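Secondary and tertiary structure notes
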2 protein chains.
Amino acid sequence: MSKQNAFYAQSGGVTAVINASACGVIETARKHGDSIGTVYAGRNGILGALTEELIDTSALSDETVAALRHTPGGAFGSCRYKLKDVETHRAQYERLIEVFKAHNIGYFFYNGGNDSADTCLKIAQLAESIGYPLKAVHVPKTVDNDLPITDNCPGFGSVAKYIAVSTKEAAMDIESMSATSTKVFILEVMGRHAGWIAGAGGLAGEGEGSAPHLIIFPEIPFDRGTVMARIDDCVKKFGYCVIVVSEGARYSDGSFLADAGTTDAFGHKQLGGVAPSLAAMVKEDLGYKYHWAVADYLQRSARHLASATDVEQAYAVGKAAVEFALAGKTSVMPAIMRTSESPYAWEIGEAPLSKIANAEKFMPRDYITPDGFGISDLGRKYFTPLIQGEDYPPYKDGMPVYVKLQHKLVEKKLGDFEP
Amino acid sequence: MSKQNAFYAQSGGVTAVINASACGVIETARKHGDSIGTVYAGRNGILGALTEELIDTSALSDETVAALRHTPGGAFGSCRYKLKDVETHRAQYERLIEVFKAHNIGYFFYNGGNDSADTCLKIAQLAESIGYPLKAVHVPKTVDNDLPITDNCPGFGSVAKYIAVSTKEAAMDIESMSATSTKVFILEVMGRHAGWIAGAGGLAGEGEGSAPHLIIFPEIPFDRGTVMARIDDCVKKFGYCVIVVSEGARYSDGSFLADAGTTDAFGHKQLGGVAPSLAAMVKEDLGYKYHWAVADYLQRSARHLASATDVEQAYAVGKAAVEFALAGKTSVMPAIMRTSESPYAWEIGEAPLSKIANAEKFMPRDYITPDGFGISDLGRKYFTPLIQGEDYPPYKDGMPVYVKLQHKLVEKKLGDFEP
């Protein structure tokens, strides 16, 4: 087989370690220079392929590529852009193949979550149907940890570590203050549909009285009376109460707490955010002094506190994707398989994209305690290995040294295309 | 002079490094066992002295004391409790002296901010007026960085580093997403009256186009039209806009952007929710997709990302406080004196409490750029040395190992007292 180029793109919400996967893809491709020519990266994800904005990664030094391993964000730009249905919008898919043809691209690596797994599969199928030789491999990434088959998703371990550590630290703060001041602390975390990230907050402590005292999961319908009674009990018993709440927390009718339109004591509508909404309830129902934090992007970009296990796995799925493609595989995704619980061990397995695309993995009910407000021993066993190890970036002048890429674009060979 | 005991207490909002000062006090006192007997720590700050709840630190092993250096929160409990006026509430002060007498306490170390410097001074004055031999030394601590004379306050360097690093990381995240998704990111930081913490966010980047693109200081009156125009320009020019906003941001009439309406024990208004308020303006005036984060307690408890310089200085002021007291000094505070700008060098100086108590140091206007939305070169020169160096806590099983003290209380010798 003659040498072909590769295309790599980042999709959806970025993570602290998605660039470690990019590093794995590029470094592995460079090791197989006999089979793979240049790795082109899509500028702003798949949009870069549609608009023929291809970043020439061969212009990046080995040192720069290596630095991607410790750099957060999406170094080539990501996108929230889902290709439309192949039946009704065939032109989009044909354009992709056209761009691939024009640049002799035979390997397609798409680094994302559920939606991008679906896109990757559709492109593989179209290529096959028209006889274009393309090996399309999906590289898993999502802080939401909701991809099936793989035991966990690269990106999740680091946000889990960040939330666990932050919860522990903030809990020590409020504990010191609680005698005369703040009694309730609320930390809002990501996870619109599943409580994986909120659950990781449970690693902050273990045993009676340890913070977080309550985790509010999207999986457990929110009942204001029950939650407020728990908070009150907790403050009376331990002097303070630490709550980790998922942005996806919702009432039994499915409506989100954040959308509930809560008003504060002055009749001002709370401006979004489940943490301030919950804080307003605490104030209204219990009158305790509270503090709240919303971690938002901080949690998924916190490369300074990445899990070493997560970084290693993110790199490994990038590396494996290239190896899969070189072995002639297509429409697959490298998956992380837990081969041993204690001591924790994992290996890379192979998942067919047909079983990944658009599927969503929810947190098993038995990872949550029967009362619905904490993680069970089973949950703790699942989460704990994923936050193991520290992988600090280098620092200079007190700040982490993250790499900022120059996006050297390849000369276009085709006409314009309106995505 | 016969051997006397010491009393140490933590006051006000805790920091990532206040326990490093405690460590400095206790370790130094232990080295001077010929002059200082036991260090008693007030349980929940000065309240512990009033209620005679004294923690016997001699029960702590050297290893446990050493671990305080890397443990966030206030290990002995802090308090938001300001002693009332000495003229009208003399009984409170007399009670303190009574407790000191009962436990042979001749050294008083109070670890806090402006209010506690005032308390420390008043106690020193009363002791002197009644002829009770007491060396009262204030140990500076505040993330707000607003104590006069001292070049900076222990606690500030670490929150500065946390905000600078978090801003940089979140900026890399939004930059990757901005082509198709979020255009504006807002990070709300602490700083009720002064923009020191917000200013530290400016260390995230330098030069045209670098995030943060706007810093909103309490010192610069907020004008919605001006700010929105700047944000719009920034998005049009760079594709996205990162904003660090102080919780103390206010309009020209002095009213806060977000006023939670509650007050703490010192009569300070409890603020919070500037970020969502600003986000709502962005949505209304500009229509850009936004994300916002509120760091709250996370920023001041983030021992995992402490500045090594800050840790060292926090320890040094604790150590110096004991040495001052042993040298017979009272009504003073160890201050950090910057002796050289480049390379940065500092030493411990001596500040009279009369010049510290209730005074507040604002950020010089020339630390802020003329347009009011960034830090000047002068500001950068001030901030940069304070975030130098990393001082990681030890980790076990993926989590930092912080010490949790058993509070062994000394047997009471006096009757009850209602503070």
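Named according to an unreviewed UniProt entry, chain A is Pyrophosphate--fructose 6-phosphate 1-phosphotransferase originating from Marinospirillum insulare. Quoted straight from UniProt, the Subunit (unreviewed entry) entry for chain A says "Homodimer."

1. Overview of the relation of the copies chain A and chain B
Between the two chain copies there is a screw-like relation: a rotation about an axis and a shift along it. If you rotate chain A by 180° and push it 0.0 Å along the axis, it lands on chain B with an RMSD of 0.2 Å. In short, the pair behaves as if placed about a two-fold rotation axis. Most of the interface of chain A is mirrored in chain B, where 93% of its interface residues are also at the interface.

2. A short note on the UniProt feature "binding site: Mg(2+)" (unreviewed entry) in chain A
All names here are of chain A. In the numbering adopted here, UniProt assigns the feature "binding site: Mg(2+)" (unreviewed entry) to N114. Within the element layout of this structure, N114 appears in helix α5 (residues 114–129). If we skip the residues at most four places from it in the chain, N114 touches D146, L147, A357, N358, A359 and E360.

3. Topic: the confidence of the model for chain A
For any part of a model where pLDDT is low, the fine detail of the predicted coordinates should not be relied upon. Per-chain confidence: chain A averages 94 in pLDDT, with 97% of residues scoring 70 or above. Within the model, the stretch residues 261–271 of chain A combines pLDDT values under 50 with 21 contacts to residues more than four positions away or in other chains.

4. Description of the domain arrangement of chain A
All names here are of chain A. Its domain assignment divides chain A into domain 1 (4–155 + 303–359 + 388–400) and domain 2 (156–301). Relative placement of domain 1 and domain 2: their C-alpha centres are 34 Å apart. Roughly 1,300 Å² of surface becomes buried between domain 1 and domain 2 when both sides are summed, with 54% attributable to carbon and sulfur atoms. If you sort the residues of domain 1 by the area they bury against domain 2, V143, N145 and L305 come out on top, with a joint share of 40%. Linking domain 1 to domain 2 there are one salt bridge. Its salt-bridge partner being K161, residue E390 comes within 2.7 Å of it at the nearest N-O pair. At the junction of domain 1 and domain 2, the tally comes to 10 residue pairs in polar contact (both at pLDDT 80 or more).

5. Topic: the pattern of salt bridges
All names here are of chain A. Counting across every chain of the model gives 40 salt bridges over all chains. The salt bridge involving E350 is made with K329; its shortest N-O contact spans 2.7 Å. Pair noted here: E350 is in strand β11 (residues 345–352) and K329 is in the loop between α11 (308–326) and β10 (332–340), with a separation of 21 residues, a long-range link. Linked by salt bridges that have partners in common, D151, R338 and E341 make up one network.

6. Side note on the interface of chain A and chain B
If you look at the interface, chain A gives 71 residues, while chain B gives 73 residues. In this assembly, chain A packs against chain B so that about 5,700 Å² is buried in total across both faces, 61% of it on carbon and sulfur atoms. Remark: the boundary between chain A and chain B carries four salt bridges. Of the charged contacts in the structure, one is a salt bridge between K404 of chain B and E175 of chain A, with a shortest N-O distance of 2.7 Å. Counting the contacts that link chain A with chain B gives 29 residue pairs in polar contact (both at pLDDT 80 or more). Top contributing element to the side of chain A that touches chain B by residue count: helix α6 (residues 156–177) of chain A, with 14 residues. When its residues are assigned to classes, the side of chain A that touches chain B shows 36 nonpolar, 21 polar and 14 charged.

7. Re the pairing of strand β6 (residues 184–189) of chain B
Residues and elements named next belong to chain B. Counting buried residues in β6 gives six out of six residues, a clear majority hidden from the surface. In β6, alternate side chains face the same way, and those of V184, I186 and E188 on one face and F185, L187 and V189 on the other are all buried. Strand direction decides the pairing type here: β6 and strand β11 (residues 290–294), joined by five bridges, are parallel. By the bridge assignment for β11, F185 is matched with H291.

8. Focus on the side chain of S158 of chain A
All names here are of chain A. Mapped onto the elements, S158 comes out in helix α6. A polar contact is formed between the side chain of S158 and the side chain of D310, at a distance of 2.7 Å. Non-local contacts of S158, meaning those with residues more than four positions away in its chain, are made with A16, V17, L305, A306, S307 and D310.

9. Some details on the packing of helix α8 (residues 224–238) of chain A against helix α9 (residues 274–285) of chain A
Residues and elements named next belong to chain A. Put simply, α8 and α9 touch, their axes get as near as 11 Å, and they point 70° apart. By the criterion of interaxial angle, the relationship of α8 to α9 is roughly perpendicular. Each of R224, M228 and I231 in α8 lies in contact with α9, whose residues at this interface are L278, M281, V282, E284 and D285. Its residues assigned to classes, the contact of α8 with α9 comprises five nonpolar, no polar and three charged.

10. Structural notes on the nonpolar core
The nonpolar side chains of a soluble globular protein tend to be buried, and buried together. Ranked by internal contacts, the top residues of the largest apolar core, which has 156 residues, are F76 and F109 of chain A together with F76 and F109 of chain B. Core analysis: the next-biggest nonpolar cluster, separate from the first, contains 53 residues, I243, Y290 and F373 of chain A together with V282 of chain B among them.

11. Structural notes on the state of the cysteines
Residues and elements named next belong to chain A. Per the stated rule, a full pass over the model turns up zero disulfides over all chains. Cysteine C234 is unpaired, with the sulfur of C241 as its nearest cysteine sulfur at 3.6 Å. Relative accessible area serves as the criterion here: at 5%, C234 is assigned to the buried category.

12. What to know about the environment of V322 of chain A
All names here are of chain A. Tracing the chain through its elements places V322 in helix α11. On the basis of relative accessibility, which here comes to 0%, the residue V322 falls in the buried class. Distance in space between the C-alpha atoms of V322 and H32 is 9.1 Å, their sequence separation being 290 residues.

13. Quick word on the UniProt feature "site: Important for catalytic activity" (unreviewed entry) in chain A
All names here are of chain A. As annotated in UniProt, the feature "site: Important for catalytic activity" (unreviewed entry) corresponds to K141 in the numbering used here. Here K141 is to be found in the loop between β5 (135–140) and α6. Setting aside residues up to four positions removed in sequence, K141 forms contacts with S11, G12, G13, T15, I18, N111, G112, G113, L147 and P154.

14. Points about helix α6 (residues 156–177) of chain B
Along an α-helix, a turn takes 3.6 residues, which lines up residues three or four apart on a common side. For α6 of chain B, which comprises 22 residues, the first-to-last C-alpha distance of 31 Å matches the rise-based estimate of 32 Å (1.5 Å per residue) to within 8%. In terms of burial, α6 of chain B is largely enclosed, as 20 of its 22 residues are buried.

Criteria and thresholds
Residues numbered from 1 in each chain as written. Chains lettered and ligands numbered in written order. Predicted model: local features only at pLDDT ≥ 70, side-chain atom pairs only at ≥ 80, totals over all residues. Heavy atoms only, no water. UniProt positions renumbered as here; feature names shortened; annotations may be inferred. Least-squares fit on C-alpha atoms with pLDDT ≥ 70 in both. Contact = heavy atoms within 4.5 Å. Helix = DSSP H or I, 4+ residues; strand = E, 2+ residues; numbered from the N terminus. pLDDT = per-residue confidence, 0-100. Domains from an automatic or database assignment. Buried area = accessible area lost by both parts, 1.4 Å probe. Salt bridge = Lys/Arg side-chain N within 4 Å of Asp/Glu carboxyl O. Polar contact = N/O pair within 3.5 Å; in protein donor to acceptor, adjacent residues only side chain to side chain. Nonpolar A, V, L, I, M, F, W, Y, C, P; charged D, E, K, R; others polar. Buried < 20%, exposed > 50% of the residue type's maximum accessible area, 1.4 Å probe, protein only. Pairing = 2+ DSSP bridges. Axes fitted to C-alpha atoms, helices over the stretch in contact; angles between N-to-C directions. Parallel < 35°, antiparallel > 145°, perpendicular 65-115°, else oblique. Core = buried A, V, L, I, M, F, W, Y, C linked by side-chain atoms within 4.5 Å. Disulfide = S-S within 2.5 Å. Expected span 1.5 Å × (residues − 1).

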